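The primary structure of each chain is shown beneath.
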Amino acid sequence: MASLVQVENLEKRFGEVRALDRVSFAIDAGEWIAIMGPSGSGKTSLINILGGLDQPTGGRVVVDGQDISRLGERDLTRYRSEKIGFVFQQFHLVPYLTAVENVMLAQYFHSITDEKEAAEALKRVGLGDRLDHVPAQLSGGEQQRVAIARALINHPKLILADEPTGNLDEANEAVILELLRELHASGHTILVVTHSPAIGNLADRRVELEHGRLARIHVPSIAKD
Amino acid sequence: MFLRIVSDSFTRKPRRKILTAAALALGMAVATATLEVSLDVGDRLAREFRSLGANLLVTPASDTLPLEIGGVDYRPVDAGAYLPESDLGKLKTIFWRNNIVGFAPLLDVPVNVAAGNAAKSSREQLIGTWYSHTVTIPDGSRFVTGVSATDPWWRVEGRWFSDGAEEAVAGAGLAQRLGLRAGSSVKIGAGERARTVTITGIVSTGGREDNAVLAPLEIAQDLAGRPGQYRRLLVSALTKPADSFSQRDPATMTPVEYDRWYCSPYISSISLQMRQQLPGVDVRAIRQVAEGEGRILTRVGGLMWLVTIAALFAAALAVGATSATTVLERRSEIGLMKALGASHRAVGAFFAAEQLLLAFVGGVLGYAIGVVLARVLGIGIFGIAPTLRWILFPVVLALAAIVALLGSLAPLARASHADPAPVLRGE
Ligand SMILES: Nc1ncnc2c1ncn2[C@@H]1O[C@H](COP(=O)(O)OP(=O)(O)OP(=O)(O)O)[C@@H](O)[C@H]1O
Ligand SMILES: [Mg+2]
């Protein structure tokens, strides 16, 4: 079976800076990958390209049979709304929309809004009683759970999370971790950028970057065995 | 969802929204006032010209110099040239025929007037003309005209004469001198000829007619021995006030300019068209005073348009500045929307909708202020408030929408094409 994601010789330059330098790896459907590495090693650059937020300067990225490095603006927009669920370190919720409306926003750009389904998604992340709260009325962990509900609402092929626990304390990190584990268990493909060894250890594989290059791919389960 | 976001963002940053709406309202107020007043200028001028009566005088081109003292033509009947009455229908075939409101041929005859059976007669002026006469136009249709059309405000006590009857009306001054009243019978003679007519009414015009007898043209022609002829023609035409273009010599115009001139109802172009239809005539504009006034009003109108354009431009700039700030502020929101798969169009629509809402508020306010402004200006210029034109309301709203969208075009484009990655990365 072909991999869900294939990254081949991926390169991203910002002028002189090589944020990504000939990176190649593949992700199978249902896999949970952790991307780790020091600050500035190119993790965000990689995840942005995978999510269609940025275009590579070289190499190829094939997701679900689609070469996204060649997509035009319009197709890239569709790709983002249909295939990808994003979770950001800064949550990025719309401040004046309630929790359920923030989830519905993703539905709106995808197709049509369905409030019941959005509320359902929030219940799944344990926020059934916070539907009508705006982000300012929610804790950081709760905001990130809204973001996760929003990332899941359109049934994406690939969930991309850039340091989802970077702004959270340990207790909240544990909640998010548990959520990610559940998602993984229910068959989602997850790519998470993290500095947290705990998350790194839970993932199926750890992709480690250094200076934009792929340093190594670590398979914790094998190490554990 | 769309409405939710638009209405939410609309109520945020109220001070900036008020500023934008105010800029739009100001621009629209000036635009409304200008539109109201300048539309009114045209109408009012036309109406004023009409109320002044005939504004064109047609005379034979080869006429001798008129010997007029106090408006009375003292030339003998056989001096000077005459024009054929039968040509008059052609006036309604010129390009601007619909602007020809009316015309009345005149034939002045010096006559002896004797009231009733009185033996003594006095030397008076007879003016032969049409009151309400049916003219056959070359295309076969009919047109009723005469002094009833060119000078509708002439007041008559009793009734007007009917064309073709042995009737006449007496000027108020003459009637008093000769002791005439409606129903009097008078004998009018010129040389060997004489007609006896019944006075049907006493007319007062404030002009030379007050001291004359007005009778059907046919009677004057008979007394003068000039059947089917007249000497002067008064024409009332709706004309466009003279402007710099109308002052130019048509001979120096390019074909395109000539066409434009020919197809504008200037006095000069209507005159030319009349000369083309009535051979051997001279057409002169009368009412020069009103003409000059028209020119000033047109110039005032031009100035107001200039101010309007400046105001609209300023409004667009203000809208542009505030929406640029808004876009800058909401960069991360826009980036997020794009990351969630929002298209250019979807992002642009949010901002455009907000601008349109502002345009609506600004437009309504501006229209209201503009109406008041137009009243003040109208009273200042004409002494009368312009008539309200509701059709301007949607026009002004549309104008506000255009200004708001054009003004925010650049920030709008920047917003909808913004790259999501740098926005989401930083902060
Ligand atoms: N827009 C940009 N313009 C110029 N250089 C950039 C840009 N974005 C990223 N870089 C550079 O690319 C390199 C990789 O950046 P990236 O954000 O991918 O690192 P990262 O691994 O996510 O780091 P961190 O852990 O701090 O988030 C860095 O050297 C960064 O300075
Ligand atoms: Mg990063």
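Quick summary incoming for the structure in this document.

Definitions and cut-offs
- For every chain, the first residue of the written sequence is number 1, and numbering continues from 1 onward in sequence order.
- Going through the entries in the order they are written, you letter the chains from A and number the ligands from 1.
- Local features in this predicted model are restricted to residues whose pLDDT is 70 or higher, and side-chain atom pairs enter the listing and the counts only when it is 80 or higher, whereas totals over whole chains, interfaces and linings include all residues.
- As a rule here, side-chain values cover all heavy atoms of the structure and leave hydrogens and water aside.
- To qualify as a helix, a DSSP run of H or I must reach at least 4 residues; to qualify as a strand, a run of E must reach at least 2; elements of each kind are numbered from the N terminus.
- We call a residue buried when its accessible area falls under 20% of the maximum for its residue type, exposed when it is over 50%, and partly exposed in between, using a 1.4 Å probe and counting protein chains only.
- In this scheme, strands are said to pair when DSSP sees at least two bridges between them.
- Two residues form a contact once any of their heavy atoms are found within 4.5 Å.
- Take the accessible area each of two parts loses on contact, using a 1.4 Å probe, and add the two losses: that sum is the buried area.
- What makes a salt bridge here is a side-chain nitrogen of Lys or Arg within 4 Å of a carboxyl oxygen of Asp or Glu, nothing more.
- The term polar contact refers here to a pair of N or O atoms within 3.5 Å; inside protein, the definition further demands a hydrogen-donor-capable atom paired with an acceptor-capable atom, and it admits residues adjacent in sequence only when both atoms are side-chain atoms.
- Throughout, an axis means a line fitted to C-alpha atoms (over the contacting stretch in the case of helices), and angles, computed between N-to-C directions, take values from 0 to 180 degrees.

Side note on unusual backbone geometry
Residues other than glycine predominantly adopt negative phi, and peptide bonds predominantly adopt the trans conformation. All names here are of chain A. In this structure, His 155 is a non-glycine residue whose phi angle is positive, near 50°. Structurally, His 155 is set in the loop between α5 (140-152) and β7 (158-162). One non-glycine residue, His 211, adopts positive backbone phi at about 50°. One can find His 211 in the loop between β9 (205-210) and β10 (213-218). For His 211, a relative accessible area of 66% corresponds to the exposed category.

Points about the pairing of strand β4 (residues 58-63) of chain A
Residue and element names in this part refer to chain A. Sheet topology places strand β1 (residues 5-14) next to β4; 5 bridges connect them, and they run antiparallel. Note on β4: the bridge partner recorded for Gln 6 is Val 62. Taken together, the 2 bridges between β4 and strand β5 (residues 66-67) define a ladder with antiparallel strand orientation. By the bridge assignment for β5, Val 63 is matched with Gln 66. Counting the residues that bridge the hairpin from β4 to β5 gives 2 residues, and of these Asp 64 lies at a positive phi of roughly 55°.

Quick notes on the interface of chain A and chain B
With 25 residues of chain A at the interface, the matching set in chain B holds 27 residues. The contact between chain A and chain B buries some 2,400 Å² in all, and 64% of this surface belongs to carbon and sulfur atoms. Run the count over chain A and chain B and you get 1 salt bridge. Note that Arg 4 of chain B and Glu 101 of chain A form a salt bridge whose closest N and O atoms lie 2.3 Å from each other. If you look at where chain A meets chain B, you find 4 residue pairs in polar contact (both at pLDDT 80 or more). Those elements that provide at least two residues to the side of chain A that touches chain B are α1 (43-50), α2 (73-83) and α3 (99-110) of chain A. If one sorts the elements of the side of chain A that touches chain B by residue count, α3 of chain A sits on top with 6 residues.

Focus on the sheet that holds β7 of chain A
Residues and elements named next belong to chain A. Ordered by their spatial adjacency, 6 strands build an open sheet running β6-β7-β8-β3-β9-β10, and the pairing between neighbours is mixed. Each of the sheet's edge strands pairs with one partner strand only, and the pair in question is β6 (84-87) and β10. The sheet shows a mean angle of 20° between the axes of neighbouring strands, direction not considered. Along the sheet, α1 contacts β3 (32-36), β6, β7, β8 (189-193) and β9; its crossing angle with β7, the most-contacted strand, is approximately 150°. α2 rests against β6 and β7 of the sheet, and its axis sits at about 75° to β6.

As for the pattern of salt bridges
All chains considered together, the criterion is met by 32 salt bridges over all chains. In this structure, the salt-bridge partner of Glu 167 of chain B is Arg 159 of chain B, at a minimum N-O distance of 2.7 Å. Taking relative accessible area as the criterion, Glu 167 of chain B reaches 13% and is therefore assigned buried. With relative accessibility at 42%, the residue Arg 159 of chain B sits in the partly exposed group. Salt bridges sharing common partners tie together Glu 11, Arg 13, Arg 18, Asp 21, Arg 22 and Arg 213 of chain A.

Geometry only, nothing functional implied.
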